[in-house]
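So you can see what is in the structure, the chains are spelled out below.
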Amino acid sequence: MPINSFENYPMSWKPSIDKTKKPIYQAIARQLEQDILNGVLLPGTKLPPQRELADYLDLNLSTISKAFKVCELKGLLSASVGSGTFVSYDALSNAYLLEDTKPKLIEMGATLPDNASYEPLLLQLKSMVQETDYEKWFGYGRAGEILWQKDAAIKLIRRCGFETTVDHILFANGGQNAIAATLASLCKPGDRIGVDDHTYPGLKTVAAMLSVQIVPIKSENYEMSPTSFEHACKNENIKGVYLIPDYHNPTASFMSVENRKRIAAIAKKYNQFIIEDGSYHLLNQKPLPAVASFAPEQVIYMASLSKSLAPGLRLAYVAVPSQFKEPISKALYNLNITVSPLLAELTARTIVSNQFEVLIEGHREQTIRRNQIVNRYFADYTCLGVETGIFRWLLLPGKITGVEFERLAAGQGVQVYAAERFVVGNSCPERAVRVSVCAPNTLEELEQGLIILRRLLNDLI
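Residues numbered from 1 in each chain as written. Predicted model: local features only at pLDDT ≥ 70, side-chain atom pairs only at ≥ 80, totals over all residues. Heavy atoms only, no water.

Bringing the overall build of the chain into the picture now. For the chain, the helix and strand inventory stands at 15 helices and 17 strands. The globule rule puts the C-alpha radius of gyration for 461 residues at 23 Å, and the 24 Å found for the chain is close to it. For the chain, buried positions account for 54% of its 461 residues. A fraction of 73% describes how many contacts in the chain between residues 6 or more apart in sequence connect residues 24 or more apart. As displayed, the chain offers around 20200 Å² of accessible surface, 52% of which is attributable to carbon and sulfur atoms. (Helix = DSSP H or I, 4+ residues; strand = E, 2+ residues; numbered from the N terminus. Rg over C-alpha atoms; globule rule 2.2 N^0.38 Å. Buried < 20%, exposed > 50% of the residue type's maximum accessible area, 1.4 Å probe, protein only. Contact = heavy atoms within 4.5 Å. Areas by Shrake-Rupley, 256 points an atom, 1.4 Å probe, with all protein chains shown as cover.)

Structure (structure tokens):
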């Protein structure tokens, strides 16, 4: 069909493609990506049906399908059977995450623990480097030294609310590294996993890098709906699901024990793997039982230490079911060879000596003090989260979007993260921003940032 027959035909996207540039499907994909990045196609835009676009461009349907698939695997498009193909609401989020933060901004975007509670780590480190054989901490490590470190991992994971054994423990260079190794070993390009409709951006970037599609699963009261999860198992061809049950990132919510049991039962019923991100479990004085407690043969449990102990440790303990241990172990080896012997030993000593409890309690006291200040400044607004959480989910008044508020705040010298950074696929982003409580260096800097944010909120009313 000639293109000019569509001259007065309503289409949301009418690309102009140079057909001399081969392969043509890649040229279409590039044009689509550029039009999204340049704002020609806005998030949520429904694209023309593939057959209609093929007619318009006078191309084979398979060429259009391949172009759409390329963009879908990059996270730019979200397809839904019976509804069509849409520009993902999170299409630009990876670009946002790669932006350089200006030094002058008060950091209230990144999720960081306070930096005033590290003395137990310092004391342990001083002791280690004064030992006569200190040089061993700077090699690749020795296999025989790992067993007692795994015992330390068991102790910490038990404190998180999950009982496991040393034969299930693997070490990773942080939670992000553990997620990457797990997806790389358990998924092939094009495989699909379920996630909350707002989720951790690091999961999204890893999935995009590995061409693993993430499928949003509806929430009820900020908890993943077990009914929607089961529907996805039946109809969305997912292989597994990623969860943050405690201090959910970004909404700061908690999954109820009942829903943990239901999600675990559904995973067992449909043989789904669960990646349980336990990065925040230790923030709570008495953590709820991990989802892994109810389905230990299905759940890869990740206890990252970045948020509860120190980001610079770059260490995560991973409790892996027997059926997944070999592929994940190989992936971790291929990615890392090993974790840092220095940091693994430092962490293990801190745990075994119970100094990690001192460290966690120090963080908790600082966090509660900071959240009390946040509650005072945001008393007139809905700011979800609890006093032991290192970030909050601020719902915005009026009709302003998260992206718009993030830009306003940055213009006034404060970095917060918009809901659009976290939203998945064609889910509608909340009008909200995530506010990091502990990232500012001092209480004075925190208050300065809160004063600016409250002024901006007051101007919206």
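Among the structural elements, Phe 162 can be located in the loop between α6 (146-160) and β4 (169-172). The class of Phe 162 is buried, set by a relative accessible area of 7%. Distance in space between the C-alpha atoms of Phe 162 and Leu 288 is 9.3 Å, their sequence separation being 126 residues. Those residues in contact with Phe 162 that sit more than four places away from it in its chain are Ile 157, Ala 290, Ala 292, Ser 293, Pro 296, Tyr 301 and Ala 319.

Our next topic: the sheet that holds strand β17 (residues 432-436). Taken in spatial order, the four strands make up an open sheet running β13-β14-β17-β16, and their pairing is antiparallel. With partners counted over all chains shown, the strands left at the sheet margins are β13 (383-384) and β16 (417-418), one partner each. Where β13 meets strand β14 (residues 391-395), two bridges bridge the pair, whose relative direction is antiparallel. The partner of Cys 383 across the bridge, within β14, is Leu 394. (Pairing = 2+ DSSP bridges.)

Okay, the environment of Ser 80 next. Among the secondary structure elements, Ser 80 is positioned in strand β1 (residues 77-80). A residue is classified by how much of its surface remains accessible, and Ser 80, at 29% relative accessible area, is partly exposed.

The biggest cluster of nonpolar side chains holds 61 residues, and the ones touching the most others in it are Met 108, Leu 183, Ile 300, Phe 378, Phe 405, Val 416 and Leu 453. Excluding anything up to four places from it in sequence, Phe 378 contacts Cys 383, Leu 394, Leu 450, Leu 453, Arg 454 and Leu 457. Ala 152, Ala 310, Tyr 317 and Leu 346 belong to the second-largest nonpolar core, a separate cluster that totals 51 residues. (Core = buried A, V, L, I, M, F, W, Y, C linked by side-chain atoms within 4.5 Å.)

Turning our eyes to something else, we now look at a nonpolar patch on the surface. Residues Tyr 140, Tyr 333 and Ile 337 make up a contiguous nonpolar surface patch of about 380 Å² in total accessible area. Here Tyr 140 falls in the exposed class, since its relative accessible area comes to 65%. (Patch = residues over 30% accessible without salt bridge, like charges linked within 9 Å, V, L, I, M, F, W, Y side chains within 5 Å. Salt bridge = Lys/Arg side-chain N within 4 Å of Asp/Glu carboxyl O.)

This paragraph deals with the pattern of salt bridges. By the definition in use, this model includes 14 salt bridges. Between Lys 239 and Asp 191 there is a salt bridge; the shortest N-O distance is 3.3 Å. With Lys 239 in strand β9 (residues 238-243) and Asp 191 in the loop between α7 (175-186) and β5 (192-196), this residue pair connects regions lying 48 residues apart in the sequence. Look at Lys 239 and you get partly exposed, because its relative accessible area is 29%. Judged by relative accessible area, which is 14%, Asp 191 ranks as buried. We note a salt bridge from Glu 230 to Lys 269, for which the minimum N-O separation is 3.0 Å. Residue Glu 230 is found in helix α9 (residues 226-235), and its partner Lys 269 is found in helix α10 (residues 257-269); the two are separated by 39 residues along the sequence. Each of Glu 131, Glu 345 and Arg 349 takes part in one network of salt bridges that share partners.

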